[in-house]
Amino acid sequence: MPSEAELIARWDAHAPRYTSYPTAAAFGPAVGAADWRAALAGLKPGKGVSLYVHLPFCKRLCWYCGCNTRAVNRRETIDSYVELLLQEADLVAAAVGGPLRIDRLHLGGGTPNMLPPETLTRLVQGLGARFDTSRLMEFAAELDPEVLTPEWIASAGALGLTRASLGVQDLSPQVQAAVNRPETFDTIATAAEGLRAAGVFSLNLDLMYGLPSQGTAEVEATLRQVLTLRPERLALFGYAHVPWMKPHQRLIDVDALPGAEARFTMSRAAEALLGAAGYQTIGLDHFALPHDDLAAAARAGRLHRNFQGYTADEAEALIGLGASSISRTRDLYVQNAPAERDWRAAVAGGRLSAVRGVRLSRQERFVAEVIARLMCDLTVDTAALAQRHGADIRSLAYAWPKLDRLEADGLIRQAGATVIVTPRGRPFLRAAAAAFDPAVTSAEGRHARIL
């Protein structure tokens, strides 16, 4: 078997995170607003869907951030955006032509708690007036602890917030200074305590490794502190340095970034510490206590993956509102105008703002499920999925040489048509998924490295 250093040198290539297949890099202008309107008209009003609302505002711009957001502190900018979100919801409801049932609501960003409490209430109640939210199973929000106030927590709790994700990343002062995100553990602990008192039953903490001036000691120290809060979930993401896509990342000192071997050591040390604390490893980079529904979904083979990461959400359709939001149905992905000004202009003009996307062929739906099951379950029976999709298993022949190389290095095991990622191969899961992606080489430069 090759050493870890040899594996890193061989397999630490650029590859997608596979929150979708085809990935957003494949989206194009041939699919747009007309396609999205037709897809909405085809939804069954009584069948539950998920709703994602993108709020692209932050108090400050963290230099590591890969999200579509900007620093905004003017209330009128935020309030006018929310009014347009409700107008966009009207456009969606009109296209569906019936009472659309929303089973899950997710506020992402950006920083949703940049909304003043009364504006948050206006948004959530406004969505409830336009859609059927009477059977809402989950209401989640991504939050910045530094901006979170007791008043916001009280309003969110009254509106039925059930799950919250707090951005932590790293608690070491030198790492925080290197990425422009000052934050104390006391701030996070106060936020967690307040959210739980308001009825939020599931708390997730977002952590990151591979940041500038960060080493294994900093990762472990951060984990030891946040584990005292006993969050139901943690996400541990590898920092993706993509300054060609996110120019503000050029503010980061590249000489202070840890190398691939150091990043690998950080991730393995974190996984060991979380395992010892009783957390179940979920897919590539999530961890959950055994009682959490994400862990239950993983054990039952019902885990899914979308643009927010791993999820127990099984809805066939996801509707995205707001600038840059991505929507999907069984055979379609569409993205709203990424530039906020373009999204505002479209919605104010009474138009759906979808500007790019992709329509999946039957073969692409087959490959998408192969990649999704591998990313979620770390094993996939390609023959069974080929039969389900009416596909020819030989259409995956392009993947076999790379799979053989992965197997030779001990990263996967093949049992007939079944591919199984080994414990040694888990950190290289994206490489195994990329074996099934015929377009990954042509888009390699648009993605971050695997480790």
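Everything below is about the structure shown above.
Just so it is clear, the structure is predicted and the values come from calculations on it, not from any experiment.

Caption draft 1: Quick peek at the overall build of the protein. Helix and strand counts for the protein stand at 15 helices and 19 strands. Radius of gyration (C-alpha) of the protein: 21 Å, near the 22 Å computed for a compact globule of 451 residues. Counting only C-alpha atoms and orienting by the principal axes, one finds that the protein spans roughly 60 × 50 × 40 Å. The buried share among the 451 residues of the protein stands at 57%. Between the averaged position of the 48 positive side-chain charges in the protein and that of its 48 negative side-chain charges there is a distance of 5 Å.

Caption draft 2: View of the pattern of salt bridges. According to the stated counting rule, one finds 29 salt bridges in the structure shown. Among the ionic pairs, Asp12 bridges to Arg449, the shortest N-O distance being 3.4 Å. Note that Asp12 is positioned in the loop between helix H1 (4–11) and helix H2 (33–41) and Arg449 in the segment after helix H15 (429–434), a separation of 437 residues in sequence. Given a relative accessible area of 8%, Asp12 falls into the buried group. According to the relative accessible area criterion, Arg449 is partly exposed, its value standing at 41%. Residue Arg394 is joined to Asp392 by a salt bridge in which the shortest nitrogen-to-oxygen separation is 2.9 Å. Classification of Arg394 by relative accessible area gives exposed; the value is 60%. For Asp392, a relative accessible area of 34% translates into the label partly exposed.

Caption draft 3: Structural view of the packing of helix H3 (residues 75–96) against helix H11 (residues 340–348). Contact geometry of H3 with H11 gives a least axis separation of 9 Å together with a crossing angle of 50°. By the angle class used here, H3 and H11 are oblique. In this structure, H3 meets H11 at a crossing whose hand is left-handed. Of H11, the residues touching H3 (which contributes Thr77, Ser80, Tyr81, Leu84, Leu85, Gln87, Glu88 and Leu91) are Glu340, Trp343, Arg344, Val347 and Ala348. For the contact of H3 with H11, the residue count by class is seven nonpolar, three polar and three charged.

Caption draft 4: Summary view of the side chain of Asn204. As for its placement among the helices and strands, Asn204 is situated in strand E7 (residues 202–209). When its relative accessible area of 9% is taken as the criterion, Asn204 is described as buried. Polar side-chain contacts of Asn204 include one of 2.8 Å to the side chain of Ser165. With sequence-adjacent residues up to four places away left out, Asn204 is seen in contact with Ala164, Ser165, Leu166, Arg233, Leu234 and Ala235.

Parameters at a glance
Residues numbered from 1 in each chain as written. Predicted model: local features only at pLDDT ≥ 70, side-chain atom pairs only at ≥ 80, totals over all residues. Heavy atoms only, no water. Helix = DSSP H or I, 4+ residues; strand = E, 2+ residues; numbered from the N terminus. Rg over C-alpha atoms; globule rule 2.2 N^0.38 Å. Buried < 20%, exposed > 50% of the residue type's maximum accessible area, 1.4 Å probe, protein only. Lys, Arg positive; Asp, Glu negative; His and termini not counted. Charge placed at Lys NZ, Arg CZ, Asp CG, Glu CD. Salt bridge = Lys/Arg side-chain N within 4 Å of Asp/Glu carboxyl O. Axes fitted to C-alpha atoms, helices over the stretch in contact; angles between N-to-C directions. Parallel < 35°, antiparallel > 145°, perpendicular 65-115°, else oblique. Left-handed = near helix turned anticlockwise from the far one by under 90°. Contact = heavy atoms within 4.5 Å. Nonpolar A, V, L, I, M, F, W, Y, C, P; charged D, E, K, R; others polar. Polar contact = N/O pair within 3.5 Å; in protein donor to acceptor, adjacent residues only side chain to side chain.

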